[in-house]
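One-letter residues, chain by chain:
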Amino acid sequence: MSTLELLPAVDVRDGQAVRLVHGESGSETSYGSPLEAALAWQRAGAEWLHLVDLDAAFGTGDNRDLVRQVTEAMDIKVELSGGIRDDASLAAALATGCTRVNLGTAALETPEWVAKVIAEFGDKIAVGLDVRGTTLRGRGWTRDGGDLYETLARLDSEGCARYVVTDIAKDGTLQGPNLELLKNVCAATDKPVVASGGVSSLDDLRALSGLVPLGVEGAIVGKALYAKAFTLEEAIAAVAAV
Ligand SMILES: O=C(O)c1ccccc1NCC(=O)[C@H](O)[C@H](O)COP(=O)(O)O
């Protein structure tokens, strides 16, 4: 069985690494320099970094220069997320040298553009399916954007390479991932799924590892690492031992 990929998260708001609760603007806990955080995960053995520009996601500005600086400083693979919604923001994101980008709002609001860039850029494009129940949320998770499974079927038919699935109710809460949601999404698509939101313990990572045969490829881990629920080294060892 393949090993679950781990993607430690650096979410950037107003130049700082932060974690939100349920992705809500104003619920930030700050954890200092995004570059220091990213370098720390790299030193700890990360193979991936999940880097989010929250201001771009919320439409409160952007941290584009900082995101580029962090991405360029990494020797590991970087997944960029937040506010990538048109040719200009996609070009800027890809120009950082990131391995792939994660589209969210655009998949809900400008499906023709997303179909076009999926066709053009292949597996450099992942789509974030951020849900409350089975309703997708866009614009920094503030607006409803359609049904999860209808959107998934459409994106599958367009050749989307990968999905990043977040249960917003779990995100930043340390309450454990929504395993049922992940199983249901894996049953609805043959494409790999990256699980995001709620990881709280090494047992959660072991449980997610158990879903690898179903199609879960990786897990984004944010709050648990910042809150020191476990170290990244412990997480890497835990998923390797499953
Ligand atoms: O990814 C986005 O575009 C985004 C937009 C608006 C709010 C939050 C957003 N992302 C949050 C993340 O990707 C988190 O880093 C990730 O879900 C980790 O969650 P957790 O382990 O529960 O801290």
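Residues numbered from 1 in each chain as written. Predicted model: local features only at pLDDT ≥ 70, side-chain atom pairs only at ≥ 80, totals over all residues. Heavy atoms only, no water.

Looking at an unreviewed UniProt entry, one finds the protein chain named Phosphoribosyl isomerase A, with Streptomyces viridochromogenes as its source organism. We quote the UniProt Function (unreviewed entry) comment for the protein chain here in full: "Involved in both the histidine and tryptophan biosynthetic pathways." Recorded under Sequence similarities (unreviewed entry), the UniProt text for the protein chain is reproduced unchanged: "Belongs to the HisA/HisF family." (UniProt positions renumbered as here; feature names shortened; annotations may be inferred.)

The next point concerns unusual backbone geometry. Notably, Leu-174 is not glycine yet its phi reads approximately 60°, a positive angle. Looking at the secondary structure, you find Leu-174 in the loop between β10 (163-167) and α8 (179-188). Phi angles above zero are rare outside glycine, and Lys-228 is one such case at about 60°. The residue Lys-228 is located in the loop between α10 (223-226) and α11 (232-240) in this model. Exposure remark for Lys-228: the relative accessible area of 69% places this residue in the exposed category. (Helix = DSSP H or I, 4+ residues; strand = E, 2+ residues; numbered from the N terminus. Buried < 20%, exposed > 50% of the residue type's maximum accessible area, 1.4 Å probe, protein only.)

Time to look at the packing of aromatic side chains. As enumerated under the stated definition, the model contains two aromatic pairs in all. With centroids separated by 4.7 Å and ring planes inclined at 35°, the aromatic side chains of Tyr-31 and Tyr-226 adopt a geometry described as tilted. Here the residue Tyr-31 occupies a position in the loop between β3 (29-30) and α1 (34-43), and Tyr-226 occupies one in helix α10, the gap between them amounting to 195 residues. Under the relative-accessibility criterion, Tyr-31 is labelled partly exposed at 26%. (Phe/Tyr/Trp six-rings, centres within 6.5 Å; stacked < 30°, edge-to-face > 60°.)

Attention shifts here to the UniProt feature "active site" (unreviewed entry) in the protein chain. Under the UniProt annotation, the feature "active site" (unreviewed entry) is placed at Asp-11 and Asp-130. Note on placement: Asp-11 falls in strand β1 (residues 5-13). Its relative accessible area of 7% is what places Asp-11 among the buried residues. Not counting residues up to four positions away in its chain, the partners in contact with Asp-11 are Gln-16, Ala-17, Val-18, Arg-19, Val-52 and Leu-54. Apart from residues lying up to four places away in sequence, Asp-130 is in contact with Thr-135, Leu-136, Arg-137, Trp-141, Val-164, Thr-166 and Ile-168. (Contact = heavy atoms within 4.5 Å.)

Attention shifts here to the site of the ligand. Every one of the 20 residues lining the ligand counts as a neighbour, but Arg-19, Asp-171, Gly-172, Ser-196 and Gly-198 are closest to it. Here Arg-19 contributes a side-chain N or O atom positioned 2.7 Å from an oxygen atom of the ligand. Burial of the ligand by the surrounding chains reaches 95%, relative to a free accessible area of 530 Å². Sorting the residues of the shell around the ligand by element identifies β1, β4 (48-53), α2 (54-58) and β12 (216-221) as the ones contributing at least two each. Each residue belonging to the shell around the ligand can be placed in one class, and the counts come to seven nonpolar, nine polar and four charged. (Near = heavy atom within 4 Å. Polar contact = N/O pair within 3.5 Å; in protein donor to acceptor, adjacent residues only side chain to side chain. Areas by Shrake-Rupley, 256 points an atom, 1.4 Å probe, with all protein chains shown as cover. Nonpolar A, V, L, I, M, F, W, Y, C, P; charged D, E, K, R; others polar.)

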